[in-house]
Amino acid sequence: MKTIHITRLLLLAGMICQFSCVKDNSNFDYKKGNPVKITFDGNMQAVVDEPLSLTPIREYEKPGISSGDYDHEWYQDGVLISKDSNLVYNATKPGYFLLHYYMIEKASGIRFDFGAGLTVISPYETGWGILYEKDGVSEIAHVRKTATGYKDQLALYSDKNKGESLGSQPLRIKDYYVNGGRGLAVIQQGGQGTVEMDGRSFEKKLVLNESFTGGTPQGLKPVNAGYYETSDLLLNEDGKLYARLFQANPIAFTVPWLNIPLEISKGMKIKHLWDVWTTYTAFTVMYDELNNRLLYASLKLAQTMQSGGALKIDTFPPPPPFMPALPGYIDPSKPLTGYDYIWGGAFKDDAGFSATCMFLVRDQATDELYLQPFNFFSILGIQTIHTPAMRQTFTGKQYITPASHYVAVKKRNFLFFSGNSDNRGLYYYDVSIGGPTKMYHTLPAAITVLRQSDDGQELAVGMADGTVIFYDISNQAMLSGGPVELHRLSGLGRVADITVRGGLPL
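Each chain carries its own residue numbering, running from 1 in the direction its sequence is written. Confidence filtering applies because this is a predicted model: local features only for residues at pLDDT of at least 70, side-chain atom pairs given and counted only at 80 or more, and all residues used for totals across whole chains, interfaces and linings. Processing note: side-chain calculations cover all non-hydrogen atoms of the structure and skip hydrogens and water entirely.

So, on to empty space enclosed by the protein. Residues are said to line a cavity or pocket when one of their atoms sits within 4 Å of a point; the points come from a 1 Å grid over protein atoms alone, cavities being sets where a 1.4 Å probe fits but cannot get out and pockets being open sets with protein on both sides within 12 Å along at least five of seven lines. Grid points are joined across faces, edges and corners, and a volume is the space filled by probe spheres set on the points. A full pass over the atoms with the stated rule returns two cavities of 30 Å³ or more. Estimates place the volume of the largest cavity at around 50 Å³. Lining the largest cavity we find Trp277, Arg451, Gln452, Asp454, Thr499, Val500, Leu504, Pro505 and Leu506. By the criteria applied, helices consist of DSSP H or I runs no shorter than four residues and strands consist of E runs no shorter than two, each listed in order from the N terminus. Only β35 (447-452) and β39 (494-500) provide two or more residues apiece to the lining of the largest cavity. Its boundaries defined by the atoms lining it, the second largest cavity holds a volume of some 30 Å³. Residue lining of the second largest cavity: Arg172, Ile173, Lys174, Arg451, Asp497, Ile498, Thr499 and Leu506, and that is the complete set. Sorting the residues of the lining of the second largest cavity by element identifies β13 (168-178) and β39 as the ones contributing at least two each. The residue inventory of the lining of the second largest cavity, partitioned by class, reads three nonpolar, one polar and four charged. Ten residues, namely Ala, Val, Leu, Ile, Met, Phe, Trp, Tyr, Cys and Pro, are considered nonpolar, four, namely Asp, Glu, Lys and Arg, are considered charged, and the remaining ones, Gly among them, are considered polar.

Quick look at the structure:
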């Protein structure tokens, strides 16, 4: 009896299932729509501030179908960015982004999608960064070479920071390496003060006044800075020097400055922080006005000996005892007694722990100007050695004024400088052989900054009238008998400083 009932129940269940399947097929129509295959021809790479046109290649299964039969939606990381059939992509920051493109058939509402990764690169990692002041406001311009010539972009800070004012009273702009990218710092004394930003996007990351451990030092008015691999230096207007020390692989823009100024024996008041290739050398040099002496800072001890940041500031050691005395040698290991310091810089500072250094002084007794070269190298940042070189009588004395600017063209052994009473004269001197100082060109306005390219083949000249001129200073160009202008940018107001982007920063 139980078996009969079970058999009946199974038959009934089977009939119900069969009936349900038939009913389901009669009530639901599974539409395929008009499928479309989507591909892209070309590299999925965009450049910040350069619109990229993405035109899908569409292959339809049925004839007579076109993109007009569909609605279109483009998403970046889940956010709708366009409803056009073809996308004009305007990248605002570098990175890797996920794109999804949907074609939605109007008749059925069926969605067909395509997903791909898009790489966005920054055009600001190379070229030149220009700090200028116009109508009392600091700003940044960028100049770079393209396949069709030079491209100029102005007012990049306000553009990339929602119209925010950068500040005022600009002094220096510094491009430097940070873990995972590039940094860009503007040293200024007005507005929000000194600012550090992402060098690829100009997005503000750090304000100096809010970046000290223990609070901002009194009287903080920075005038210069050096950004190095294991530690940074900040020079204040009163000659005090502040440091920032890095642990291994720090998160960019998170390490604070120490609010206690650095001190050494006999004290120091730093007047001039030399421009050396900060991520390529193990040292920097500075002039101590308090004691009329040169000091050096060893900056890569940490890289080889320990995991944390370290910094050592000291006087130069005397020359090795086996080195012969040179007539008139102005020894950088001693106070510059009887001399007025004018300028100093490094040539050939591209070997990690060594460089050819040179400083310019005025003899207080004779009013003569001398260039004193010396060679310097450091063994793992532990032992420092300097060797003498012959003193040179500087033949550009008659052109020099307190307003003169200087740049060491490092791989070319040329010292370019501005001069004359109006500071419009541009001169150069060969530091390797000495000889006469030569006029390069007379500029249309007073020179405010000189900066060389990393390869020493180009010279950027900024002026008080807001003009920047880029010159070809290769051997071939200089032998041509006249200045060879590559590019000119005007209308910036006053040019405060120039930096090379993405290279061996000063």
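On to the sheet that holds strand β10 (residues 128-134), then. Strands were regarded as paired on the criterion that DSSP finds at least two bridges between them. If you trace the four strands from one edge of the open sheet to the other, you get β12-β11-β10-β39, paired in antiparallel fashion. Every other strand in the sheet has two partners, leaving β12 (149-153) and β39 as the edge strands with one partner each. Going from strand to strand, the sheet's axes swing by 20° on average, the running direction of each strand aside. Alignment of β10 against β39, held across six bridges, turns out to be antiparallel. Residue pairing across strands places Trp128 opposite Val500, the latter belonging to β39. What counts as an axis is a line fitted to C-alpha atoms, over the stretch in contact for a helix, and the angles between N-to-C directions run from 0 to 180 degrees.

Next up on the list: the environment of Trp74. Position of Trp74 among the secondary structure elements: in strand β5 (residues 70-76). Summary of the burial criterion: residues with accessible area below 20% of their type's maximum are buried, those above 50% are exposed, and those between are partly exposed, where the area comes from a 1.4 Å probe applied to protein chains only. Note on Trp74: relative accessible area 2%, which makes it buried. Taking the C-alpha atoms as reference points, Trp74 and Asn86, 12 residues apart in sequence, are found 9.2 Å from one another. Under this definition, polar contacts are N or O atom pairs within 3.5 Å; protein pairs additionally need one hydrogen-donor-capable and one acceptor-capable atom, and for neighbouring residues in sequence, both atoms have to be side-chain atoms. Within polar-contact distance, the side chain of Trp74 engages the backbone oxygen of Asp84 at 2.7 Å.

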